[in-house]
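# Commentary on secondary and tertiary structure
What follows is the residue order along each chain.
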Amino acid sequence: MDESGLTQQPKKQKLNEERDVVDRNIKCLRNLPEEILRYILSLLPTKDAIRTSVLCKRWEYLWTSIPNLNFSGLKPDKRKQFMNFVERVLLLRDSSDIKTFTLSCDVLRDASHVKLELAMPCILKLPPTICFTNLKTLNFSYVTFTKEHSTEKLFSGLPVLEKLELENCKWVNLKVVNISAPKLLSIRIVEDWENQNDENGCQVMISGVSLNYFRYCGEFYNEYHVHNSPSLVEASVLASWYNERKRQIAHRMYMLLTGFSGVKELTLVFCAVELLTYAVEVVELLPHMPIFNNLEYLALEEWSVNLDSVALLKILQNSPRLKTMEFSEGISLSSDYERNDRILDPVPPCFLSQLNCIKVYDYEGDEEELSAVKILLKNAVVLEELVISCSHHFAKDLEKQKKVHEQLLKLPRGSKHCELVFY
């Protein structure tokens, strides 16, 4: 045997020994409980933890439940691959808890992809110091806030936040919460369930010098105030109520509307407008309704609107620049529509100088609706267009449509330039 053969033998033996060690280690790893395996994977960079899925069948999906996620993408030439990788990991991950989440990359044009969304029916325990310096979108769903100081820190540590959504969140044992973000553009609040631990709820104070959109949907289990928001352009209030809470809800509805004095577009569910009627009956707030000096568009949704509503009349009287009014679910009169001389009395100023378009949808063609339209046509003296869209049921009856159209054309008009669009 030559010398080279003798030197190869120890090398081969050493390789075999190393391979045996690796095999034994792999066997040991395979026998470990999944909790320990997940812990080991959590110590690795996320990309490396995912690569272990090819080792064996048991490891294929272990990475989907690791508690620590760390993404770092600093190479500009691989930016798109990195963004796709992060989104795919988050998509495939299971619903187990995340303890730490780190995303390190230049946002550039992908700001819409960088957001924080927490959807969990549990109490949120926050650290004493919180600051999301680069967070632009924040969504909380079914989260319970219990600590006033830490909650205050959270909502004041969002210097570049642009979009905030609070869906069915609870403010337990909290009296006042301030939400203030200088770059906040839009906020959406949904609360369909009750703060069971506190029947008085919480005062949520919202301010944002850049805020231009606000939407509320719920039953006013908490009291919301919008202030110091001069840029607010569009607001929607989709409120519902129950008789046993009508006084409280009327008050909270009024308090929210006081922050909308500068909006250009306002959408209200009509039951929320009717709710304000109780402000007269209960707390006498309706006479002090704010003046909507910039309001140009008013939409009334979901319910058929009673044109003789006291609250609606007050809103119209306080909207001197209103140009367009939309009735999304039809129009009616709640009182004896044969005696309608006092409806829209006094005539709102916008009817005399600004209101140029009225839209009525889901029109059924009955006498009560016809009387309501007659009142609108009579009093809107600068009206340029009245749009009436038939309900789905009415649209099938062509003969009735023709008859109703002829009735509408015969109605007297306060404006000589008003065009009727009927379909």
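## Digging into the overall build of the protein chain
Helix and strand content of the protein chain: twelve helices and 20 strands. Looking at the 423 residues of the protein chain, the share that counts as buried comes to 44%. Considering only contacts in the protein chain between residues 6 or more positions apart, those separated by 24 or more positions represent 70%. Surface exposure of the protein chain reaches about 23400 Å², of which carbon and sulfur atoms provide 51%.

## Points about the sheet that holds strand β9 (residues 203-207)
Spatially, the three strands line up as an open sheet ordered β7-β9-β11, and their pairing is parallel. Among the strands making up the open sheet, the edge pair consists of β7 (176-180) and β11 (223-227). Sheet twist, expressed as the mean angle between neighbouring strand axes with direction ignored, is 20°. Pairing of β9 with β11 involves five bridges; the strand directions are parallel. Bridge pairing in β11 links Ile 206 to Val 226.

## Some words on the pattern of salt bridges
Overall, the coordinates contain six salt bridges when judged by the stated rule. Notably, a salt bridge pairs Lys 163 with Glu 165, separated by 3.6 Å at the nearest N-O pair. You can call Lys 163 partly exposed: its relative accessible area is 36%. Glu 223 is paired through a salt bridge with Arg 252; the nearest N and O atoms lie 4.0 Å apart. Of the two residues, Glu 223 sits in strand β11 while Arg 252 sits in helix α6 (residues 246-257), which places them 29 residues apart along the sequence. Like Glu 223, the residue Arg 252 is buried in the burial classification. Connected through salt bridges with shared partners, the residues Lys 163, Glu 165 and Arg 188 form a single ionic network.

## Quick look at helix α9 (residues 310-317)
By the burial criterion, the buried members of α9 are Ala 311, Leu 312, Leu 313, Ile 315 and Leu 316. Put simply, Ser 309 is the residue that caps the front of α9, since its side-chain oxygen is 3.4 Å from the backbone nitrogen of Ala 311.

## Focus on empty space enclosed by the protein
Counting across every chain of the model gives two cavities of 30 Å³ or more. Roughly 40 Å³ of volume is contained in the largest cavity. Forming the walls of the largest cavity are Leu 166, Cys 169, Trp 171, Ile 189, Val 190, Glu 191 and Tyr 224. The dominant element in the lining of the largest cavity, judged by the number of residues it contributes, is strand β8 (residues 186-191), at three residues. Grouping the constituent residues of the lining of the largest cavity by class yields six nonpolar, no polar and one charged. The calculated volume of the second largest cavity comes to roughly 30 Å³. Each residue belonging to the lining of the second largest cavity can be placed in one class, and the counts come to seven nonpolar, no polar and one charged.

## A short note on helix α11 (residues 367-379)
Its 13 residues give α11 an end-to-end C-alpha distance of 19 Å, which sits within 8% of 18 Å, the value for a rise of 1.5 Å per residue. Of all the residues in α11, the buried ones are Glu 369, Leu 370, Ser 371, Ala 372, Val 373, Ile 375, Leu 376, Leu 377 and Asn 379. Buried-residue contacts for α11 involve β16 (324-327), β17 (331-332), α10 (349-353), β18 (357-363), β19 (385-390) and α12 (398-410).

## Digging into a negative patch on the surface
A contiguous patch of negative charge, built from Glu 302, Glu 329, Asp 362, Glu 364, Asp 366 and Glu 367, is present on the exposed surface. Within the secondary structure layout, Glu 367 lies in helix α11.

## A closer look at the packing of aromatic side chains
Ring pairs (aromatic) are described by centroid distance and by the angle formed between their planes. Scanning all chains against the criterion turns up nine aromatic pairs. Centre to centre, the rings of Phe 145 and Trp 171 are 4.9 Å apart; their planes meet at 15°, and the pair counts as stacked. Placement of the pair is Phe 145 in strand β4 (residues 137-145) and Trp 171 in strand β6 (residues 170-171), with a sequence separation of 26 residues. Pair check on accessibility: Phe 145 and Trp 171 agree, each one buried.

## Overview of unusual backbone geometry
Here the bond from Asp 345 into Pro 346 is cis, since omega is 5°, no more than 30 degrees from zero. Within the secondary structure, Pro 346 is located in the loop between β17 and α10. In this structure, Asn 168 takes a positive phi of about 55° despite not being glycine. With respect to the helices and strands, Asn 168 occurs in the loop between β5 (163-167) and β6. Its identity as a non-glycine residue notwithstanding, Leu 344 has a phi of 60°, on the positive side. Position of Leu 344 among the secondary structure elements: in the loop between β17 and α10.

## As for the nonpolar core
The tendency in soluble globular proteins is for nonpolar side chains to be buried side by side. The biggest cluster of nonpolar side chains holds 100 residues, and the ones touching the most others in it are Phe 155 and Phe 260. Non-local contacts of Phe 260, meaning those with residues more than four positions away in its chain, are made with Phe 214, Val 226, Leu 232, Ala 235, Val 237, Leu 266 and Phe 292. Judged by nonpolar contacts, the second largest core, of 16 residues, contains Leu 41, Leu 62, Val 86 and Cys 105.

Conventions and cut-offs
Positions within a chain are numbered from 1, following the residues in the order the chain's sequence is written. Local features in a predicted model are, by the rule used here, given only for residues with pLDDT of at least 70; side-chain atom pairs are given and counted only at 80 or more, and totals for whole chains, interfaces and linings are based on all residues. The side-chain values count all of the structure's non-hydrogen atoms but skip hydrogen atoms and water molecules. Elements are defined by DSSP. Helices are runs of H or I of four residues or more, strands are runs of E of two residues or more, and each kind is numbered from the N terminus. Relative accessibility decides the category of a residue: with a 1.4 Å probe and only protein chains considered, values under 20% of the type maximum give buried, values over 50% give exposed, and everything between is partly exposed. It only takes one pair of heavy atoms within 4.5 Å for two residues to be counted as in contact. Methods summary: accessible areas were calculated by the Shrake-Rupley approach with a probe of 1.4 Å, and residue burial reflects only the protein chains presented. Two strands pair if DSSP finds at least two bridges between them. With axes taken as lines fitted to C-alpha atoms, and helix axes fitted only over the stretch in contact, angles between N-to-C directions fall between 0 and 180 degrees. Whenever a carboxyl oxygen of Asp or Glu lies within 4 Å of a side-chain nitrogen of Lys or Arg, that contact is scored as a salt bridge. Here a polar contact is taken to be a pair of N or O atoms separated by no more than 3.5 Å, where protein atoms must pair a possible hydrogen donor with a possible acceptor and residues adjacent in sequence count only if both atoms sit in side chains. Computed over the protein atoms alone on a 1 Å grid, cavities are sets of points where a 1.4 Å probe fits but cannot get out and pockets are open sets with protein on both sides within 12 Å along at least five of seven lines; a residue lines them when it has an atom within 4 Å of a point. Grid points are joined across faces, edges and corners, and a volume is the space filled by probe spheres set on the points. In this classification, Asp, Glu, Lys and Arg are treated as charged, Ala, Val, Leu, Ile, Met, Phe, Trp, Tyr, Cys and Pro as nonpolar, and every other residue, Gly included, as polar. Expected span of a helix: the number of residues minus one, times 1.5 Å. Patch construction takes residues with relative accessible area above 30% that form no salt bridge. Like charges are linked within 9 Å, and nonpolar side chains (Val, Leu, Ile, Met, Phe, Trp, Tyr) are linked within 5 Å. By the counting rule applied here, Lys and Arg register as positive and Asp and Glu as negative, while His and the ends of each chain are not counted. Where a charge lies is defined by one atom per residue type, namely NZ (Lys), CZ (Arg), CG (Asp) and CD (Glu). Here a Phe, Tyr or Trp ring, Trp counted by its six-membered ring, pairs with any other such ring whose centre lies within 6.5 Å, and the pair is stacked when the planes are under 30 degrees apart, edge-to-face when over 60, and tilted otherwise. Take the buried Ala, Val, Leu, Ile, Met, Phe, Trp, Tyr and Cys residues and link them wherever side-chain atoms come within 4.5 Å; each set so joined is a nonpolar core.

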